[in-house]
Each structure stands twice: as structure tokens, then as C-alpha cells.
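Inside the fold
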Amino acid sequence: MGMQIDMGNRQLKKEIFKHLSVSNIQASLEHLEAIPARKAVNPLFSFLYNTDPIIRWHAVSAMGHVVANLADKDMESARVIMRRMIWNLNDESGGIGWGSPEAMGESMACHNRLAREYNRILVSYIRPDGNFLEHPQLQKGLLWSLARLASVHPEQVMDAGPFLMPFLESQDPDHRGLASLVAGLLQEENAREALERLCRDGRNFHLYRDYRLESVIVGKMAKRALSKMSNSLRPEA
């Protein structure tokens, strides 16, 4: 039986927090489906700001799941939530928009129609001639978001490829590692030389995938990206 959905806001937030706290968020996503999306969204937005990285990343997964399910039933309501994420990244919002790039990418990865409608906006955040995100932490979220969508629909974010170079050469290992991941997924040939240099990079970066937060060596990710690019050039047998 699904959870009771007529609980108060404070109790609902505690209930959602409990489901985000488990190690296997995939199982909790089914329980979160029992909560009307409009009730779940505000607590999930607040958890995108949580200082515990596991809670924050699980909130990203849950938000994508909730928004995609809502889009199946009520596309316009899903668009309202997507526009809220976009507003959070707008200078005029007065905030910083923690977690909004990640939540956007996860929502689009989970729902192709959302991806088709919002992919250009997502790509605009990496373009100096677009809505470039200045904050380094938001940039990490954006790179992860581009990788997440590229893992499902690489054609949706191909235009981001030429703008990866500053991140491949960044002083921040999270930038270098995540940009390497995106470059490999997009088969970005212009990044080949930078990736070859990064193969010797022994620093670690943080990567959330398959509902787990991992520590990955930048050099290994660069080698994996180059391997993907090389494999794509081999003729079919």
C-alpha cells in the first residue's frame, strides 16, 4: 500500500527525507510515486541544497523521476517545474540555483519530450555567447547534466562539445573529469589532444552514476573517453 498523501508539509518532508536517506534510492523512487508530484516538488527542491552529498544527489534522481512521471500525465505542469529550475539559474532570481542543472538534466534524461524542448537551454549554459554559468560549482552540475543527457540522447547536446576545452584545462579536477566524460560521450574530436594530456592526470573527481557517488581518477576517465572515440572510428566487421 502506498504512503498516506494527506500528511502535513513537515511530515511529508520528513517522509521524503527518509526515502532519500536510504542507500538504494532506486527502491525508494517507487514509494515517492505515491506522493502527488505537486506536493513532492517543494521538498525535493529544498533537498537539492542539502549539505549531505548523498541526500542532494538522491534528490536529483527523485526530482527527475517525479518530473518525468508528471510529464506523462500533465506536460504543462512538468514545464512549470522545468521553468522554475531555469529561473533558479537566472541572475534575477536572487539565488544561486544549487542542484538545478543536475535536476534539469536528470528530468530530460528520463523523458524524451522534455529533452527535445529544453536541450538548447541546457547547452546555452556552457556557451559564452549564451547563458553561461559563471559559478564553478554550478558548472560542475552543468557538466554532469550534459553527461547524463548525453548518455541517453547524445544528439540532444552535441552543440556543447566545442565549449568543453576550458573545463578540460581547468585547475579543478571535477571540471576536468566531468568534461572528459562529456567529451567521450559526444565523440568530441577537438578534445582529443586535451584528453591525451589528461591521461597522466592522477587526481580524483566525484561522479554520481547508477545512484551511487564514486571517486574516479581523471586520467582513467580521459583514457575511457579516448577509447570511445577510437572505437567509433573502427569500421564495422
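Everything below is about the structure shown above.
An account of the accompanying structure is given in this report. On a predicted model such as this, the values are computed, not experimentally measured, just so you know. (Residues numbered from 1 in each chain as written. Predicted model: local features only at pLDDT ≥ 70, side-chain atom pairs only at ≥ 80, totals over all residues. Heavy atoms only, no water.)

1. Re helix α4 (residues 53-73)
Threshold: The helix and strand labels rest on DSSP assignments: H or I over at least four residues marks a helix, E over at least two residues marks a strand, and numbering proceeds from the N terminus. Expected span, for any helix, means 1.5 Å times one less than how many residues it has. Note on exposure labels: buried denotes an accessible area under 20% of the residue type's maximum, exposed denotes more than 50%, and partly exposed covers the range between, all computed with a 1.4 Å probe on protein chains only. Under the rule applied, a polar contact is a pair of N or O atoms within 3.5 Å (in protein, one hydrogen donor and one hydrogen acceptor; residues adjacent in sequence only if both atoms are side-chain atoms).
With 21 residues, α4 ought to run about 30 Å at 1.5 Å a step, and its terminal C-alpha atoms sit 31 Å apart, in line with that. Counting buried positions over the 21 residues of α4 gives 16, a clear majority of the element. Sitting at the amino-terminal end of α4 is D52, which places a side-chain oxygen 2.9 Å from the backbone nitrogen of I54.

2. Concerning unusual backbone geometry
Phi angles above zero are rare outside glycine, and Q187 is one such case at about 55°. Within the secondary structure layout, Q187 lies in the loop between α10 (173-186) and α11 (192-198). The phi angle at D210 is positive, at roughly 55°, despite the residue not being glycine. Examined against the element boundaries, D210 turns out to sit in the loop between β1 (204-209) and β2 (212-217).

3. Side note on the pairing of β2
Across a regular strand the side chains alternate sides, sitting on one face of the sheet and then on the other. Just so we agree on the cut-off: The pairing criterion for strands is at least two bridges between them, as found by DSSP.
Bridge count between β1 and β2: 6 bridges; the pairing is antiparallel. What sits directly across from L207, in β2, is E214. The turn joining β1 and β2, which pair antiparallel and follow one another in sequence, is formed by 2 residues; a positive phi near 55° is taken by D210.

4. Looking at the packing of aromatic side chains
Filter applied, for reference: Pairing of aromatic side chains requires ring centres within 6.5 Å, counting the rings of Phe and Tyr and the six-membered ring of Trp. Pairs whose planes differ by under 30 degrees are stacked, by over 60 edge-to-face, and all others tilted.
On inspection of all chains with the given rule, the structure shows 4 aromatic pairs. Ring centres of W57 and W144 lie 4.8 Å apart, and the angle between their planes is 55°; this geometry places the pair in the tilted category. Within this pair, whereas W57 is found in helix α4, its partner W144 is found in helix α8 (residues 136-150), the two being separated by 87 residues in sequence. Residues W57 and W144 agree in their burial class; the two are buried. Geometrically, the ring pair formed by W57 and Y208 is stacked, given 4.9 Å between the ring centres and 20° between the ring planes. With a gap of 151 residues between them, W57 in helix α4 and Y208 in strand β1 connect regions that are remote in the sequence. As far as burial versus exposure is concerned, W57 and Y208 are alike and both buried. Pairwise contacts between aromatic rings join W57, W144 and Y208 into one cluster.

5. Observations regarding the packing of helix α7 (residues 112-124) against α8
Basically, it comes down to this: Helix axes use the C-alpha atoms of the stretch in contact, all axes being lines fitted to C-alpha atoms, and the angles between their N-to-C directions lie in the range 0 to 180 degrees. By convention, the crossing between two helices is left-handed when the near helix turns anticlockwise from the far helix through less than a right angle, and right-handed when the turn is clockwise. The contact definition used throughout considers only heavy atoms, calling two residues in contact when any of these lie within 4.5 Å. All residues other than Ala, Val, Leu, Ile, Met, Phe, Trp, Tyr, Cys, Pro, Asp, Glu, Lys and Arg, Gly among them, are scored as polar; the first ten of these are nonpolar and the last four charged.
Contact geometry for α7 and α8: axes closest at 11 Å, N-to-C directions at 145°. Crossing geometry of α7 relative to α8 is assigned as left-handed. In contact with A115, N119, L122 and V123 of α7, α8 contributes L142, S145, L146 and L149. Residue classes in the contact of α7 with α8 are distributed as 6 nonpolar, 2 polar and no charged.

6. Examining a positive patch on the surface
Test applied: Patches were defined on residues exceeding 30% relative accessible area and lacking a salt bridge, with like-charge contacts within 9 Å and nonpolar side-chain contacts (Val, Leu, Ile, Met, Phe, Trp, Tyr) within 5 Å. Here the open area of atoms and residues is found with the Shrake-Rupley method and a 1.4 Å probe, where only the protein chains shown may cover a residue. The salt bridge criterion pairs a side-chain nitrogen of Lys or Arg with a carboxyl oxygen of Asp or Glu, the two atoms within 4 Å. Positive residues here are Lys and Arg, negative ones are Asp and Glu, while His and the chain termini are left out of the count. To locate a charge, the coordinates of NZ of Lys, CZ of Arg, CG of Asp or CD of Glu are taken.
Among the surface-exposed residues, K220, K223, R224 and K228 lie close enough to one another that they form a single positively charged patch. For K228, the location among the structural elements is in helix α12 (residues 218-233).

7. Topic: the pattern of salt bridges
One pass over the full model with this rule turns up 15 salt bridges. Across the salt bridge formed by E102 and R56, the nearest N and O atoms sit 3.2 Å from each other. Remark: R56 occurs in helix α4 and E102 occurs in helix α6 (residues 100-110); sequence separation between them is 46 residues. For the pair shown, E102 and R56 are each scored as buried.

8. Comments concerning α6
In terms of residue burial, α6 counts as a mostly covered element, since 10 of its 11 residues are buried. All buried positions along α6 are accounted for by S100, P101, E102, A103, M104, G105, E106, S107, M108 and A109. In this structure, the buried side of α6 is in contact with α4, α5 (75-88), α7 and α8.

9. A word on the environment of A179
Inspection of the secondary structure puts A179 in helix α10. A179 sits 46 residues away from A225 along the chain, and the two C-alpha atoms are 9.9 Å apart. When residues no more than four places from it in sequence are discounted, the contact partners of A179 are L143, L164, F167 and L168.

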